[in-house]
Amino acid sequence: MRREKNRWLIALSGVAIHLSIGSAYAWSVFKEPIKELTGWDKSSISFAFSLAIFCLGTSAAFMGKFVEKFGPRKTGTVASILFGLGIISTGFAISSQSLPMLYLTYGIIGGIGLGAGYVTPVSTMIRWFPDRKGLATGLAIMGFGFASMITGPIAQQLMVHVGVSKTFYILGVAYFLVMFTASRYLEKPPVGWTPEGFEAPNPKEEVKVQYSGVQLTANQAIKTKTFWLLWFMLFLNITCGISLVSEASPMAQEITGMTAGMAATMVGVMGVFNGCGRLVWALVSDVLGRKNVFTILFVIDIVVLVSLSVVSSPLLFAALICLLMTCYGAGFSIVPAYIGDVFGSKEVGAIHGYILTAWAAAGMFGPIFLGKVTEMFHSYTNVLRIFAVLALIGFAASMIIRAAIKGLAKSSNNETSTGTSTKQA
């Protein structure tokens, strides 16, 4: 008889994968050294990161289906190969001073590896933690948020001692080894498995979800209004967050008179709150419920964005924007568990992949929208108020989705009462 795996080691494996791919958030550390070595302008170098995030969101859509069909071990292996290869070959792109090659290696190959790695552990951890979905997804995705804190200092030291290209060679090999090793331990729990003390409606069937008891496939889920409301909520949350991250330093300097050094320190601290928010709000969602927490996040966004437009104290500005970063990080960690609550765990990985296309869309739309609005008003104060309106729209969506969830549950109950059955995953 095969020995049952430790679900906490499953969680640790998921964290290891996300700590590796989350290094993408440290791209700003490389921009200046790459510019000095190659002569490329910063906007061209930054586009490699935007392309990687876009490929993350789009590749997650089909890699989510891949993880459901072939399992997290194979998906993790694919992710380790693609992401490791993407980072290593980025070193070759820089040494050969080929900008198109940089976009191919870091942006496309590495970006697809990002998407594969991002979805690999999440659905698996939800299945191992049906009693603590928020904790499970919060742990994994917290790793993605904290990764830049680890990668940044290491990468800077490596570049000083071995140069830029060799730094990418070393990091690429290290990421491959960590991700490949971690993926070896990942697998779905046995059919009918539940943690000790957890009461499932029927131990012979897959654990039912907390709210509605619905078990939908990915193709069924994307045909529901609930899916698109959830997609829209994540899109707005990311649009506000990623846009403000990209302009936090100049915004703080213009509004509060903060020095460039103080603003740089604030940006570093924002990363800590981004990572902490992923875990803390995920834990809160286990207690208050996902739909309630999403509503709270948008309320906080509205209040903070309006407050940021009127404060003059550098310290208060930094505190408020760090609070905003916890809400930005929270969206990523709460959505997978929200999907499990609403659509069931039958194909949660595939549905999560489809939802992540909101990240791709927001990653492209947000910074462009922010740039256009800034050019139009020539003032960050008005920009912040416009983003407060976006948060208000998100709040409205978070209220509308409640009725959609009830309708989905009622429809499922009607089908059950007429004899319609759901196959096991």
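- The protein chain is annotated in an unreviewed UniProt entry as OFA family MFS transporter of Candidatus Enterococcus murrayae.
- Looking at the Subcellular location (unreviewed entry) heading of the UniProt record, one finds this comment for the protein chain: "Cell membrane".

**Comments concerning the overall build of the protein chain**
- In terms of helices and strands, the protein chain carries 15 helices and zero strands.
- Here the C-alpha atoms of the protein chain give a radius of gyration of 21 Å, agreeing with the 22 Å that 2.2 N^0.38 yields for 425 residues.
- With respect to the three principal axes, the spread of C-alpha positions in the protein chain is 65 × 50 × 35 Å.
- Counting every position in the protein chain, which comprises 425 residues, the buried fraction comes to 56%.
- Here the analysis covers contacts within the protein chain between residues at least 6 apart in sequence; of these, 83% occur between residues at least 24 apart.
- Summed over all atoms, the accessible surface of the protein chain reaches about 17,300 Å², with 66% contributed by carbon and sulfur.
- The average position of the 31 basic charges and that of the 19 acidic charges among the side chains of the protein chain differ by 6 Å.

**Some words on the pattern of salt bridges**
- Under the counting rule described, the total for this entry stands at seven salt bridges.
- Note that lysine 5 is salt-bridged to glutamate 187, the shortest N-O span being 3.8 Å. Placement of the pair is lysine 5 in the segment before helix H1 (7–21) and glutamate 187 in the loop between helix H7 (164–185) and helix H8 (218–221), with a sequence separation of 182 residues.
- When its relative accessible area of 17% is taken as the criterion, lysine 5 is described as buried.
- Residue classification places glutamate 187 among the buried positions, given a relative accessible area of 15%.
- Notably, a salt bridge pairs glutamate 68 with lysine 188, separated by 3.7 Å at the nearest N-O pair. Within this pair, whereas glutamate 68 is found in helix H3 (residues 42–70), its partner lysine 188 is found in the loop between H7 and H8, the two being separated by 120 residues in sequence.
- Residues joined in a network through salt bridges with shared partners are Lys5, Arg73 and Glu187.

**Re the packing of helix H11 (residues 290–308) against helix H12 (residues 314–343)**
- For the pair H11 and H12, the least separation of the axes is 9 Å and the interaxial angle reads 160°. Classified by the angle their axes make, H11 and H12 are roughly antiparallel. Handedness of the crossing formed by H11 with H12: left-handed.
- Here the residues of the contact of H11 with H12 are counted per class, giving 18 nonpolar, two polar and four charged.

**Digging into the environment of isoleucine 112**
- Position of isoleucine 112 relative to the elements: it lies in helix H5 (residues 99–128).
- Using a relative accessible area of 25% as the deciding quantity, one classes isoleucine 112 as partly exposed.
- Along the sequence, isoleucine 112 and phenylalanine 387 sit 275 residues apart, while their C-alpha atoms lie 30 Å from each other.
- Beyond its immediate stretch of four places on either side in the chain, isoleucine 112 contacts Cys55, Ser59 and Leu82.

**Re the confidence of the model for the protein chain**
- Confidence in the prediction for the protein chain averages 84 pLDDT; 91% of positions are at 70 or higher.
- For the stretch residues 419–425, pLDDT sits under 50, and the model shows 10 contacts to residues farther than four places along the chain or on other chains.

**Points about a nonpolar patch on the surface**
- Among the surface-exposed residues, Met149, Ile150 and Ile154 lie close enough to one another that they form a single nonpolar patch of about 260 Å² accessible area.
- Mapped onto the secondary structure, isoleucine 150 falls in helix H6 (residues 133–162).

**Quick notes on helix H14 (residues 357–377)**
- Here H14 contains 21 residues, and its C-alpha end-to-end distance of 30 Å stays within 8% of the 30 Å for a straight helix at 1.5 Å per residue.
- For H14, every residue scored as buried is listed here: Ala358, Trp359, Ala360, Ala362, Gly363, Gly366, Leu370 and Val373.
- One or two residues past the end of H14 sits histidine 378, with phi positive at roughly 55°.

**Quick word on the packing of H6 against H7**
- Running from N to C, H6 and H7 cross one another at 135°; their axes reach a closest spacing of 8 Å. Compared by their axis directions, H6 and H7 come out oblique. Viewed along their axes, H6 and H7 form a crossing whose handedness is right-handed. Two secondary-structure elements touch here, H6 through Thr151, Ala155, Leu158, Met159 and Val162 and H7 through Val164, Lys166, Thr167, Ile170, Leu171 and Tyr175.
- Here the contact of H6 with H7 is composed, by residue class, of eight nonpolar, two polar and one charged.

Rules of the game
- Residues numbered from 1 in each chain as written.
- Predicted model: local features only at pLDDT ≥ 70, side-chain atom pairs only at ≥ 80, totals over all residues.
- Heavy atoms only, no water.
- UniProt positions renumbered as here; feature names shortened; annotations may be inferred.
- Helix = DSSP H or I, 4+ residues; strand = E, 2+ residues; numbered from the N terminus.
- Rg over C-alpha atoms; globule rule 2.2 N^0.38 Å.
- Buried < 20%, exposed > 50% of the residue type's maximum accessible area, 1.4 Å probe, protein only.
- Contact = heavy atoms within 4.5 Å.
- Areas by Shrake-Rupley, 256 points an atom, 1.4 Å probe, with all protein chains shown as cover.
- Lys, Arg positive; Asp, Glu negative; His and termini not counted.
- Charge placed at Lys NZ, Arg CZ, Asp CG, Glu CD.
- Salt bridge = Lys/Arg side-chain N within 4 Å of Asp/Glu carboxyl O.
- Axes fitted to C-alpha atoms, helices over the stretch in contact; angles between N-to-C directions.
- Parallel < 35°, antiparallel > 145°, perpendicular 65-115°, else oblique.
- Left-handed = near helix turned anticlockwise from the far one by under 90°.
- Nonpolar A, V, L, I, M, F, W, Y, C, P; charged D, E, K, R; others polar.
- pLDDT = per-residue confidence, 0-100.
- Patch = residues over 30% accessible without salt bridge, like charges linked within 9 Å, V, L, I, M, F, W, Y side chains within 5 Å.
- Expected span 1.5 Å × (residues − 1).

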